[in-house]
Amino acid sequence: MKIKEARAAYTAQLDILRRRQRELLKEKEAHETQAFGAAGNMSLGGDGSSGGVVFEVSEEYRKRAEELQEKIDRVKEQIEEHIKLRDEVIEAEVGIANAEVAKQQGEAMQDYGEEMAKCLEIARRIANGDRVPAQDEKKLMDFNMEVYMAAKNMAAMNMDKKHKDYETLWGEEEEKGESPDPMETAAESEINVEIPEIDLALDE
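None of these values were measured; they are calculated from a predicted model.

**Student:** Which residues make up a nonpolar patch on the surface, and what values go with them?
**Tutor:** A cluster of nonpolar side chains, Tyr112, Met116 and Leu120, forms an exposed patch at the surface whose accessible area comes to about 290 Å². Here Leu120 shows up in helix α2 (residues 59-127). Overall, the relative accessible area of 48% leaves Leu120 in the partly exposed class.

Laid out in structure tokens, this is it:
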């Protein structure tokens, strides 16, 4: 299963559980109102007071209240379980994304190092008065104009020496596409998780 699919599944089940939690809390509140309303309809003393009578709800009301509370507690447990599992998936997703970022940064640094080494070699060749392809000169100019100008000045002093002709150091360059988005890469990664079923008994 892909990480994005697991995250979506947990979120969908959390929505169901939270909706069921709201329904149960509402049902419990209505039940309590009904229970105390029934108790309030009991006959009072002649002066309208309770006369020290303690109102008691019936065993049926009490049993139903306990059942509702048990369901509410079970839903809460399932919500907490799903949040924990979803957070573990998100943590894995962020870890993969961070690893992808580090990989891309490492590749960029490696490319930069290779580019710099080639440009310094081009500068050395130019400084010796050797002939390099125009594209190599442009690469050096784009990389560092000061180094290019210094190499050109040195070349003027080495005009009377024997010169070499060099081919380009870059050859046919392949166009590099944009690096993939690290979060997209992470979301598409496979993860071994199970989506726990919702306790259907809660709807009984």
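Still more ground to cover, so stick around.
**Student:** Describe the packing of aromatic side chains, listing the residues and the values that go with them.
**Tutor:** Note on aromatic pairs: each is described by the distance of the centres and the angle between the planes. One pass over the full model with this rule turns up one aromatic pair. A centroid spacing of 6.0 Å and a plane angle of 40° characterise the contact between Tyr112 and Phe143, whose relative ring orientation is tilted. Of this pair, Tyr112 sits in helix α2 while Phe143 sits in helix α3 (residues 134-143); the two residues are 31 residues apart in sequence, bridging distant segments of the chain. Classification of Tyr112 by relative accessible area gives partly exposed; the value is 46%. On the basis of relative accessibility, which here comes to 26%, the residue Phe143 falls in the partly exposed class. Sitting above the plane of the Tyr166 ring, Arg125 keeps its charged end 3.8 Å from the centroid.

**Student:** Can you break down α3 residue by residue, with the values?
**Tutor:** Where α3 is concerned, the buried positions are Asp136, Glu137 and Leu140. Within α3, the buried residues cover an arc of 100° as seen down the axis, which keeps them to one side. Opposite its buried face, α3 presents the exposed residues Ala134 and Asp142, each directed more than 90 degrees away. The inward-facing, buried residues of α3 abut α2 and α4 (145-157).

**Student:** Run through the side chain of Glu100, naming residues and quoting values.
**Tutor:** Mapped onto the fold, Glu100 is located in helix α2. Buried and unpaired, Glu100 has no salt bridge, with Lys103 as the nearest side chain of opposite charge at 4.6 Å.

**Student:** Break down the pattern of salt bridges for me, citing the residues and quoting the values.
**Tutor:** Evaluated as defined, the whole model comprises 14 salt bridges. A salt bridge links Glu27 to Arg64; the shortest N-O distance between them is 2.3 Å. Here Glu27 is found in helix α1 (residues 3-40), whereas its partner Arg64 is found in helix α2, with 37 residues between them in sequence. Note on Arg64: relative accessible area 26%, which makes it partly exposed. Bridged by salt links that share partners, the residues Lys2, Lys4 and Glu188 form one connected network.

**Student:** Lay out the packing of α2 against α4 in plain terms, naming residues and giving numbers.
**Tutor:** Running from N to C, α2 and α4 cross one another at 25°; their axes reach a closest spacing of 7 Å. One finds that α2 runs roughly parallel with respect to α4. Judged by residue contacts, Ala123, Ile126 and Ala127 of α2 engage Val147, Tyr148, Ala151, Lys152, Met154 and Ala155 from α4. Grouping the constituent residues of the contact of α2 with α4 by class yields eight nonpolar, no polar and one charged.

**Student:** Give a detailed account of the environment of Glu121, specifying residues and quantitative values.
**Tutor:** Residue placement: Glu121 occurs in helix α2. With 19 residues separating them along the chain, Glu121 and Leu140 place their C-alpha atoms 9.5 Å apart. There is a polar contact of 2.6 Å between the side chain of Glu121 and the side chain of Arg124.

**Student:** Mind laying out the nonpolar core, listing which residues take part and the relevant values?
**Tutor:** For soluble globular proteins, the rule of thumb is that nonpolar side chains tend to be buried together. Listed in full, the eleven residues of the largest apolar core are Cys119, Ile122, Ala123, Ile126, Ala127, Val132, Leu140, Tyr148, Ala151, Ala155 and Trp170. Elements supplying a minimum of two residues to this core: α2 and α4. In terms of residue count, the dominant contributor to this core is α2 (five residues). In this view, Leu140 contacts Cys119, Ile122, Ala123, Ile126, Met145, Val147 and Tyr148; residues no more than four positions away in its chain are not counted. Counting residues in hydrophobic clusters, the runner-up holds eight residues, among them Leu24, Leu68, Val75 and Ile79.

Thresholds, definitions, all that
Residues numbered from 1 in each chain as written. Predicted model: local features only at pLDDT ≥ 70, side-chain atom pairs only at ≥ 80, totals over all residues. Heavy atoms only, no water. Patch = residues over 30% accessible without salt bridge, like charges linked within 9 Å, V, L, I, M, F, W, Y side chains within 5 Å. Areas by Shrake-Rupley, 256 points an atom, 1.4 Å probe, with all protein chains shown as cover. Salt bridge = Lys/Arg side-chain N within 4 Å of Asp/Glu carboxyl O. Helix = DSSP H or I, 4+ residues; strand = E, 2+ residues; numbered from the N terminus. Buried < 20%, exposed > 50% of the residue type's maximum accessible area, 1.4 Å probe, protein only. Phe/Tyr/Trp six-rings, centres within 6.5 Å; stacked < 30°, edge-to-face > 60°. Lys NZ or Arg CZ within 6 Å of the ring centre and 35° of its normal. Arc of directions from axis to C-beta. Contact = heavy atoms within 4.5 Å. Lys, Arg positive; Asp, Glu negative; His and termini not counted. Axes fitted to C-alpha atoms, helices over the stretch in contact; angles between N-to-C directions. Parallel < 35°, antiparallel > 145°, perpendicular 65-115°, else oblique. Nonpolar A, V, L, I, M, F, W, Y, C, P; charged D, E, K, R; others polar. Polar contact = N/O pair within 3.5 Å; in protein donor to acceptor, adjacent residues only side chain to side chain. Core = buried A, V, L, I, M, F, W, Y, C linked by side-chain atoms within 4.5 Å.

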